[in-house]
Amino acid sequence: MGAAPSTPRLGAVAGAAASPGAAEQMFAALVGGKAYPISSEFWRQLLELPLTQQWPRDRVLQACHAFAQNNYHTKHLAKILIHLVWCLQECMAESSHAAYRKAINAAYISSIFLKFIIENAKTDNWQELSLEIDKDEKGLENFPSEQSVEYFLMRGVLNYIGSVDVSLESCYLHHELLNLMLVLMSTQLCSGPSPEPKDVHPFIDAAMLQDSSIVSSVVQKLLLNFVKRPRIPLNSSHPAFSDDGGPGVLQRVGSVAANFVLLPYYTFNYLVSSNAEGASSQLADNSLLVLLILIHYRKCITTSESFPSSNVYTSDLNTNVKDAPAFHDNPYYKALSNAKDSQYDRADVEGNAQNGLVVRLSFASLFDALGTCLKDESSVLLLYSLVHGNCDFQEYVLVRTDLDTLLMPILEMLYNASRKTSNQIYMLLIVLLILSQDSTFNASVHKLVLPSVPWYHERLMHQTSLGSLMVVILIRTIKYNLSKLRDVYLHTNCLAILANMAPHVHRLSAYASQRLVSLFDMLSRKYTKLAELKNDKAIKVISDQIEADNISDDTSTELHIYTDFLRIVLEIINAILTYALPRNPEVVYAILHRQEVFQPFKNHPRFNELLENIYTVLDFFNSRMDMQQLDGEWSVDKVLEVINKNCRSWRGEGMKMFTQLRFTYEQESHPEEFFIPYAWRVVLSRG
């Protein structure tokens, strides 16, 4: 597999396919300077080789360099990609072992050299790929003259993925095609953090131009792969492996290719893993990664572009900001957003149901699969995409009675926030925020009682409601953020969820009630420190005869932020006391027990009206306690007994009614700036 090619004796190779020398000659010719016509017998013999020889790293690198250099003249990359599509068409026409082997080898070899060229490209328009070919060449008579190589390739690959079910025979080819898709779309890694009109991504742009029938079938099949998690058998014979069970040349090339300069996309070791569980789900995992890249891609519209209205890849001019970038619609995101539950009658489906273009799958199976896989960051991103983008799926989640299936993994991950990325925490909190916008959800979580919470180690939690656990975990996340991340956006999301839940709280546990009051105490102490710091600086300003506007803006800004946080916590407590006091004696006990923490803010202009309600409750229950004839000391049980008794007679007299806080999630105006890099970061983390 050296850089200096030697022309293979084609007739001899056919009869000696397993010979190491034959493979050596074939690959030397592939990477060499002689251009083989697309109709040459060379391509069939190359792709039929059971490549079992292992080659050292330096020779693989040498071959990749030679291939990239000679490809300008030979156009071998474009030719092997065309042959890949023809192999896929052959596989769909006849399910033979030989056809599968050729397609797998074509996909694998293409991935290796494409990855090297993309990582080492020097131009923004990917001239190194040299995909322009002479369509008058012999053998290309049936090649669609109006199509580019990249469009022809993506149409063939996507059509196969969307049309052919995963089976024991096809699973290896599906896996190779998903790997190839990730490599093809990885040109995005060489662009800036935000899409620009000048960006060129030949393959994923071609994917966006496919017919809606292909788009919907691909989205459906990728989702089904994620749900069904088809197994890749570890003991099957496969042409990419040597007879002794060790990695063959393709694996050898792949493992080297995965360590090139730019980024380690992933390793090609799906069959040699000793972890059967990991191997059995890798096809499902890669299906999800491909889906995430497809649905979150955004293509800028250039000022000179004009597209026919019938094109599936239409413009999305949803901004009124002058000179703001505009984007094409993403058909894959639309297909996911319009996915329907297959349990419903087809007559209920609107839009394109008549011509079968709506993605249909079991929401029940998808819900269960997400609950099982949510510890994986890619699954969290899919859940967000569905809950935010697909109204039908969001409604389905909200009516499920077993919300713990989805919420317990989310809460466990937030409990272990120190081991998660900040982006993952954001996604989890946004999912909870979206769900908490629904009053039925907020009521349901308090009715669902958990026998135990084995992963919560600070204390035993038996027979606690899911709602109480949510309150505890959200407050714990705020405290973690306060000490480690210090992220205002994260604080705001946690408090927003608690505020949405507050009017619907039902029998909040003693522990959750205590944590709520302690949250106010913690934030109040931080507020007091900031206020004292600002006051000290003001005094120093006066003594130094410096203008007052030189006081640190940072301190003032932070003080303002904590003022808002304290007010939201007071509104949360207010909402519980105003709308749900009789159902929450433990909350009353918690504020009675720690009533001194509210005293410093009683006359504060931002808080006094909210504290009036809290003191109305305190005065009512304190007076009832004072009226109680008691033998001996007060105990927790005795205090709770008095509270429970008087909760039944509580009528809310003297309470001021405030407008309920209701926070809603709105995606940023340019979500692509977050989601494109984030989706790729998730892909890269799997390598």
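What counts as what
- Residues numbered from 1 in each chain as written.
- Predicted model: local features only at pLDDT ≥ 70, side-chain atom pairs only at ≥ 80, totals over all residues.
- Heavy atoms only, no water.
- Helix = DSSP H or I, 4+ residues; strand = E, 2+ residues; numbered from the N terminus.
- Contact = heavy atoms within 4.5 Å.
- Areas by Shrake-Rupley, 256 points an atom, 1.4 Å probe, with all protein chains shown as cover.
- Expected span 1.5 Å × (residues − 1).
- Buried < 20%, exposed > 50% of the residue type's maximum accessible area, 1.4 Å probe, protein only.
- Phe/Tyr/Trp six-rings, centres within 6.5 Å; stacked < 30°, edge-to-face > 60°.
- Lys NZ or Arg CZ within 6 Å of the ring centre and 35° of its normal.
- Axes fitted to C-alpha atoms, helices over the stretch in contact; angles between N-to-C directions.
- Left-handed = near helix turned anticlockwise from the far one by under 90°.
- Core = buried A, V, L, I, M, F, W, Y, C linked by side-chain atoms within 4.5 Å.
- Domains from an automatic or database assignment.
- Salt bridge = Lys/Arg side-chain N within 4 Å of Asp/Glu carboxyl O.
- Parallel < 35°, antiparallel > 145°, perpendicular 65-115°, else oblique.
- pLDDT = per-residue confidence, 0-100.
- Disulfide = S-S within 2.5 Å.

### Quick word on the overall build of the protein
- Of the regular secondary structure elements, the protein holds 27 helices and 6 strands.
- Put simply, of all contacts in the protein between residues at least 6 apart along the chain, 76% involve residues at least 24 apart.
- For the protein, the accessible surface area stands at approximately 29,900 Å², while carbon and sulfur atoms represent 49% of it.

### Overview of the side chain of His-296
- Here His-296 shows up in helix H12 (residues 276-296).
- Here His-296 is in contact with Asn-330, Leu-381, Ser-385, Phe-675 and Ile-676, once residues within four sequence places are set aside.

### Observations concerning helix H6 (residues 97-119)
- With 23 residues, H6 should reach 33 Å at 1.5 Å per residue; the first-to-last C-alpha distance of 33 Å fits that figure.
- In terms of burial, H6 is a largely internal element, 20 of the 23 residues being buried.

### Regarding the packing of aromatic side chains
- Summed over all chains, the structure comprises 25 aromatic pairs.
- With a centroid separation of 4.3 Å and 15° between ring planes, the pair formed by Tyr-36 and Phe-42 is classed as stacked.
- For Tyr-36, a relative accessible area of 5% translates into the label buried.
- Counting every residue linked through ring pairs, the aromatic cluster contains Tyr-384, Tyr-665, Phe-674, Phe-675 and Tyr-678.
- Against the face of Phe-327 rests Arg-298, its NZ or CZ located 4.5 Å from the ring centre.

### A word on the packing of helix H15 (residues 377-389) against helix H27 (residues 672-685)
- Contact geometry of H15 with H27 gives a least axis separation of 9 Å together with a crossing angle of 145°. Considering how the two elements wind past one another, H15 and H27 form a crossing that is left-handed. Residues Glu-377, Ser-378, Leu-381 and Tyr-384 of H15 touch H27, and the partners they reach there are Phe-675, Tyr-678, Ala-679 and Val-682.

### So, the nonpolar core
- Counting 227 residues, the largest nonpolar core has Leu-294, Tyr-332, Leu-407, Leu-577, Phe-598 and Phe-621 as the members making the most contacts within it.
- Ranked by residues supplied to this core, first place goes to H6 with 14 residues.
- Formed jointly, this core draws a minimum of three residues from each of two domains, domain 1 (22-273 + 282-304 + 674-686) and domain 2 (393-545 + 558-673).
- The residues contacting Tyr-332, other than those within four sequence positions of it, are Leu-158, Ala-207, Met-208, Gln-210, Val-215, Val-218, Val-219, Leu-294 and Ile-295.

### Quick word on the environment of Pro-409
- Checked against the element boundaries, Pro-409 lands in helix H17 (residues 404-415).
- Taking C-alpha positions, Pro-409 is 6.2 Å from Leu-374, a pair spaced 35 residues apart along the chain.

### Let's talk about the pattern of salt bridges
- Following the criterion strictly, the structure yields 28 salt bridges and no others.
- Taking the shortest distance from any N to any O, the salt bridge between Asp-564 and Arg-606 comes out at 3.3 Å. Taken together, the residues span a long stretch of sequence, with Asp-564 in helix H23 (residues 553-580) and Arg-606 in the loop between helix H24 (585-593) and helix H25 (608-627) at a distance of 42 residues.
- Residue class for Asp-564 comes out partly exposed when judged on its relative accessible area of 26%.
- Judged by its relative accessible area of 31%, Arg-606 falls in the partly exposed class.
- One continuous salt-bridge network, built from bridges that share partners, spans Arg-229, Asp-285, Asp-376 and Arg-686.

### Things to note about the packing of helix H19 (residues 439-447) against helix H20 (residues 466-485)
- Closest axis-to-axis distance for the H19/H20 pair is 5 Å, and the angle between their directions is 105°. It follows from the interaxial angle that H19 and H20 lie roughly perpendicular. Together, Phe-441, Val-445 and His-446 of H19 and Leu-466, Gly-467, Ser-468 and Met-470 of H20 make up the contact between the two elements.

### Brief notes about helix H21 (residues 488-501)
- The terminal C-alpha atoms of H21, which comprises 14 residues, lie 20 Å apart, in line with the 20 Å expected from a rise of 1.5 Å per residue.
- Of all 14 residues that make up H21, 11 are buried, and the element is covered over most of its length.
- For H21, the full list of buried residues reads Leu-490, His-491, Asn-493, Cys-494, Leu-495, Ala-496, Ile-497, Leu-498, Ala-499, Asn-500 and Met-501.

### Side note on unusual backbone geometry
- Here the phi dihedral of Lys-75 falls at roughly 60°; this positive angle occurs in a residue that is not glycine.
- Position of Lys-75 among the secondary structure elements: in the loop between helix H4 (57-74) and helix H5 (76-93).
- Despite not being glycine, Trp-126 has its phi angle at roughly 60°, a positive value.
- On the secondary structure map, Trp-126 appears in the loop between H6 and helix H7 (149-163).

### A closer look at the confidence of the model for the protein
- Residues of the protein with pLDDT of at least 70 account for 81%, and the chain-wide mean is 84.
- Below pLDDT 50 for its whole length, residues 1-18 participates in 44 contacts with residues either more than four positions away or in separate chains.
- Low pLDDT (under 50) marks residues 306-322, which in the prediction has 33 contacts with non-local residues, meaning those over four places away or in another chain.

### Structural notes on the environment of Ser-465
- Its place among the elements puts Ser-465 in strand E6 (residues 462-465).
- As for Ser-465 and Val-445, which are separated by 20 residues in sequence, their C-alpha atoms are 7.0 Å apart.
- Excluding residues within four positions of it along the chain, Ser-465 makes contact with Val-445, His-446, Leu-448, Val-449 and Leu-450.

### Focus on the environment of Leu-469
- Within the element layout of this structure, Leu-469 appears in helix H20.
- C-alpha separation for the pair Leu-469 and Met-408, spaced 61 residues apart in sequence, amounts to 9.2 Å.
- Excluding anything up to four places from it in sequence, Leu-469 contacts Met-408, Leu-411, Leu-450, Val-453, Trp-455 and Met-461.

### Some thoughts on the state of the cysteines
- All told, the structure shown has 0 disulfides when counted by the stated rule.
- Cys-87 forms no disulfide, and the closest cysteine sulfur to it belongs to Cys-91, at a distance of 6.8 Å.
- In this structure Cys-91 comes out as buried when scored by relative accessible area, which is 5%.

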